[in-house]
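So you can see what is in the structure, the chains are spelled out below.
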Amino acid sequence: MAWPENMDYYEAVQAPGSFSDPELKLGQVTSDALGLPRACTGNFADVYQIACPNNHKWAVKCFTREIPGLQQRYQVLSDHLQKVRFPFTVDFGYLAQGIRVRGQWFPLLKMRWVEGITLNTFVHDHLDKPQRLRTLVKMWISLAKQLRAADIAHGDLQHGNVLLVPSPDGRSARLTLIDYDGMSVPALMKQSSGEVGHPCYQHPDRLENGLHQIDVDRFSHLMICCALQCLAVAGRPLWERFDNGDNLLFHKEDFADPHNSALFRELWQLQDPLAHALVGNLILACKRPMVETPAIDLLFQDGNVVPKLSAKQQQDVEKLLRVPQPSPAAANRDWWQAQVERMGNDDPQNGSSKPITVPSSTQVQAKEPWWVKTATSSGESTPSTPSVPNGIPGVNPAQPQAPNVGRSLLPWIDWLRRRSLLQVFSAILAIFFWVTVVLFLNSNGGSNGRPRNLPQENVAADNAIRDEEVKKALNQKLQKERVASKRLASEMAAKKEREIFLLIRAADLGFLNPKNS
């Protein structure tokens, strides 16, 4: 049996008698500005809005291809939802003989029509109100918790299937989920829906392998909360850079390859503890099996706090993003800088040397540098100390050190130690260049290649020549302006003569009244 195509349903819904449901028979399909039926076309169905006389509006889903076990699936879903009675779901019914097309009956799904704003539209309209986005995060956590407690997975959580329905007074809104084609409940775990969800909201494993399980929504929950929190922090500029009209910041490429994602790199730098923790957990979830994604309601503590990333999690994220890791020398840089500052600030003359204490848990392994040896008293040697828990390697704080060349050069030596060979070579070239320029200017240099130390009469002659050049330039400019003025006056006179001629010509031809002219 050939299933109807889009145009077949397009014609059938315009005839109310095509429906078997008594309420739909009395209804009328919603039309656009041209009076034509308004349809929402999906993967395997078209959805029309039918307005009935009792002020009820229904979404009628007409299927364009056969889906095995569809009737049993919707029946199981309906029974399960009737038990839990969620505030964010809508009533629906499956009609095996719902609509007649070309003399044959085909199934349809009748779902209550909900007037609301899609998730991405709501977010766009409230980018300048971060508190509302944070409130939406809390609402989403509550929704996720109720779904998990009832063993229900929606299967396709994305902006088009999430509506914000305003209250009658317009002061608040509630979350509502629609489109249950990919929904899973325990009784349907052995029956795959064939849906993998919107690619901008799903784990890479699901898009590749079509996974179908009860915790399939965990990744979508984490991703949506992460996007909302980051937008509450970064606002409209972040949205304008990464929104494409069919996503919520993220793209499937971000999940498949986090270390090449410009979005993840930018979000990782946000100075917000909650956003930082959510971004880190989302990045780790992308590279782990989908079942290891944490449940968003369990990840949050007290509804609004996510534990900080552990040191290992932080390191794993930075490794995935290829953030440069500090070298061992850089890790001890703070300690070394403290030692340098101490040695530079010591004043042996008045004995104001202040010892620096390193925590007892820190053991610094270092050989005695040659410049420290130079800093010891002349004619005496200080035994090297390979392990120094407190103090400076090779220096005994109890013995004041005499100032000498080694001590004064210590800051310069430390600066050279931190630089690469290329940086040192570049610095030497720069010094050589500027020394050469200074020497050249002192020996040869005035402006325009003229020597600076000239006799007085030569200086006077030079100034006279320069004044003559300035006068000549001014005369040339004045001459050009006079020529331009004469040309402009000539053109204006010619234009005036032309206008007078045209007026006289018009009067001769009778276009003008001589009395009025």
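Along each chain, residue indices are assigned from 1 in the same order as the chain's sequence is written. With pLDDT at 70 or above as the cut-off, local features in this predicted model cover only qualifying residues; side-chain atom pairs require 80 or more to be listed or tallied, and sums for whole chains, interfaces and linings still use all residues. By convention in this description, side-chain values take in all heavy atoms of the structure and omit both hydrogens and water.

### Thoughts on the overall build of the protein
Argument step 1. Looking only at helices and strands, the protein features 20 helices and eleven strands.
Argument step 2. Each residue is placed in one exposure class: buried if its accessible area under a 1.4 Å probe, protein chains only, is under 20% of its type's maximum, exposed if it is over 50%, and partly exposed if it falls in between. A total of 517 residues make up the protein; the buried ones form 37% of that total.
Argument step 3. Whether two residues touch is decided by their heavy atoms; if any such pair falls within 4.5 Å, the residues are in contact. At a minimum sequence separation of 6, the contacts of the protein that also span at least 24 residues come to 64%.
Argument step 4. Per-residue and other accessible areas were derived by the Shrake-Rupley procedure at a 1.4 Å probe size, with only the shown protein chains allowed to occlude residues. Taken as a whole, the protein presents about 30,900 Å² of accessible surface, with 55% of it coming from carbon and sulfur. Runs of H or I in DSSP of at least four residues are treated as helices and runs of E of at least two as strands, each being numbered from the N terminus.

### Points about the layout of surface pockets
Argument step 1. Cavities and pockets were defined on a 1 Å grid built over protein atoms only: a cavity is a set of grid points that admits a 1.4 Å probe from which the probe cannot escape, a pocket is an open set flanked by protein on both sides within 12 Å along at least five of seven lines, and lining residues are those with an atom within 4 Å of any such point. Grid points are joined across faces, edges and corners, and a volume is the space filled by probe spheres set on the points. In this model, the largest pocket occupies a volume close to 950 Å³.
Argument step 2. Contributing to the lining of the largest pocket are 33 residues, with Cys40, Val47, Asn161, Ile178 and Asp179 lying nearest its centre.
Argument step 3. Those elements that provide at least two residues to the lining of the largest pocket are strand S2 (39-41), strand S3 (45-51), strand S4 (57-63) and strand S6 (104-112).
Argument step 4. Element by element, the count of residues in the lining of the largest pocket is highest for S3, at four residues.
Argument step 5. Residue polarity follows a fixed list, in which Ala, Val, Leu, Ile, Met, Phe, Trp, Tyr, Cys and Pro are nonpolar, Asp, Glu, Lys and Arg are charged, and the others, Gly among them, are polar. Partitioning the lining of the largest pocket into residue classes produces 13 nonpolar, twelve polar and eight charged.

### Topic: the packing of helix H11 (residues 273-286) against helix H13 (residues 311-320)
Argument step 1. Contact geometry of H11 with H13 gives a least axis separation of 10 Å together with a crossing angle of 65°. Where H11 crosses over H13, the handedness of that crossing is left-handed. Residue-level contacts link His276, Gly280, Asn281, Ile283 and Leu284 of H11 to Gln313, Gln314, Asp316, Val317 and Leu320 of H13.
Argument step 2. Counted by class, the contact of H11 with H13 contains four nonpolar, five polar and one charged residues. Axes, fitted as lines to C-alpha atoms, cover a helix only where it is in contact. Angles between the N-to-C directions of the axes lie from 0 to 180 degrees. Note on convention: near helix rotated counterclockwise from far helix by under a right angle means a left-handed crossing. Clockwise means right-handed.

### Regarding the packing of aromatic side chains
Argument step 1. Pairing of aromatic rings covers Phe, Tyr and Trp, the last through its six-membered ring, and needs centres within 6.5 Å; plane angles under 30 degrees mean stacked, over 60 mean edge-to-face, and all others mean tilted. Counted under the stated rule, the structure contains ten aromatic pairs.
Argument step 2. Ring plane angle 10° and centroid distance 6.0 Å describe the contact between Tyr74 and Tyr94, whose orientation is recorded as stacked. Of this pair, Tyr74 sits in helix H3 (residues 70-84) while Tyr94 sits in strand S5 (residues 92-101), placing them 20 residues apart in sequence.
Argument step 3. Ring geometry for Phe219 versus Phe255: centroids 5.0 Å apart, planes at 90°, classification edge-to-face. Here Phe255 lies in helix H9 (residues 252-256) and Phe219 lies in helix H7 (residues 218-234), a separation of 36 residues in the sequence.
Argument step 4. Overall, Phe255 belongs to the buried group, its relative accessible area being 1%.
Argument step 5. Taken together, the aromatic side chains of Tyr74, Phe92, Tyr94 and Tyr180 make up a single cluster linked through ring pairs.
Argument step 6. Working rule: Lys NZ or Arg CZ, within 6 Å of ring centre, within 35 degrees of ring normal, means a charge sits over the ring. In this arrangement the basic side chain of Lys110 is found over the ring face of Trp58, its NZ or CZ atom lying 4.2 Å from the centre.

### Structural notes on the packing of helix H5 (residues 130-149) against H7
Argument step 1. Between H5 and H7, the shortest axis-to-axis distance is 8 Å and the interhelical angle comes to 170°. What the angle tells us is that H5 and H7 run roughly antiparallel. Of the two possible hands of crossing, H5 and H7 adopt the one that is left-handed. On H7, the residues touching Pro130, Leu133, Arg134, Leu136, Val137, Trp140, Ile141, Leu143, Ala144 and Leu147 of H5 are His221, Ile224, Cys225, Leu228, Gln229, Leu231, Ala232 and Val233. Here roughly perpendicular refers to angles of 65 to 115 degrees, roughly parallel to angles under 35, roughly antiparallel to angles over 145, and oblique to all remaining angles.

### Observations regarding the pairing of S5
Argument step 1. Here S5 pairs with S6 via seven bridges, running antiparallel. Counted as the bridge partner of Phe92 is Met111 from S6. Any two strands are treated as partners once DSSP identifies two or more bridges connecting them.

### Details of the side chain of Lys110
Argument step 1. Take Lys110: it is sitting in strand S6.
Argument step 2. Think of a polar contact as two N or O atoms within 3.5 Å of one another; within protein, one of them needs to be a possible hydrogen donor and the other a possible acceptor, and neighboring residues in sequence only count if both atoms come from side chains. There is a polar contact of 3.0 Å between the side chain of Lys110 and the side chain of Glu23.
Argument step 3. With residues up to four places along the chain from it excluded, the contact list for Lys110 reads Asp21, Glu23, Leu24, Trp58, Ala59, Asp91, Phe92 and Gly93.

### A word on the sheet that holds strand S9 (residues 173-177)
Argument step 1. Strand order in the open sheet formed by three strands is S7-S8-S9, with antiparallel pairing between adjacent strands. Each having just a single partner strand, strand S7 (117-118) and S9 make up the two edges of the open sheet.
Argument step 2. Its contacts with the sheet place H5 against strand S8 (162-166) and S9, and it is angled at close to 40° to S9.

### Regarding the pattern of salt bridges
For side chains bearing opposite charge, pairing can occur when the charged atoms are close.
Argument step 1. By definition here, a salt bridge exists when the distance from a side-chain nitrogen of Lys or Arg to a carboxyl oxygen of Asp or Glu is within 4 Å. Evaluation of the coordinates by the stated rule reveals eleven salt bridges.
Argument step 2. One salt bridge connects Lys61 with Asp179, and the closest N-O pair in it is separated by 3.4 Å. Pair noted here: Lys61 is in strand S4 and Asp179 is in the loop between S9 and helix H6 (204-209), with a separation of 118 residues, a long-range link.
Argument step 3. Note on Lys61: relative accessible area 10%, which makes it buried.
Argument step 4. A relative accessible area of 24% means that Asp179 is categorised as partly exposed.
Argument step 5. If you follow the salt bridges from partner to partner, you end up with Asp21, Glu23 and Lys110 in one network.

### Notes on the nonpolar core
Argument step 1. Counting residues in hydrophobic clusters, the biggest one holds 99 residues, and the most contacted among them are Ile99, Val123 and Phe250.
Argument step 2. Setting aside its immediate chain neighbours within four residues, Phe250 contacts Cys200, Met223, Cys226, Ala227, Phe255, Leu263, Phe264, Leu267 and Leu282. Throughout this description, the term nonpolar core refers to a set of buried Ala, Val, Leu, Ile, Met, Phe, Trp, Tyr and Cys residues connected via side-chain atoms within 4.5 Å.

### Here's the deal with H11
Argument step 1. To estimate the expected span of a helix, count its residues, drop one, and scale the result by 1.5 Å. Between its first and last C-alpha atoms H11 spans 20 Å; for 14 residues at 1.5 Å apiece the expected length is 20 Å, and the two agree.
Argument step 2. With respect to burial, H11 is a largely interior element, 13 of its 14 residues being buried.

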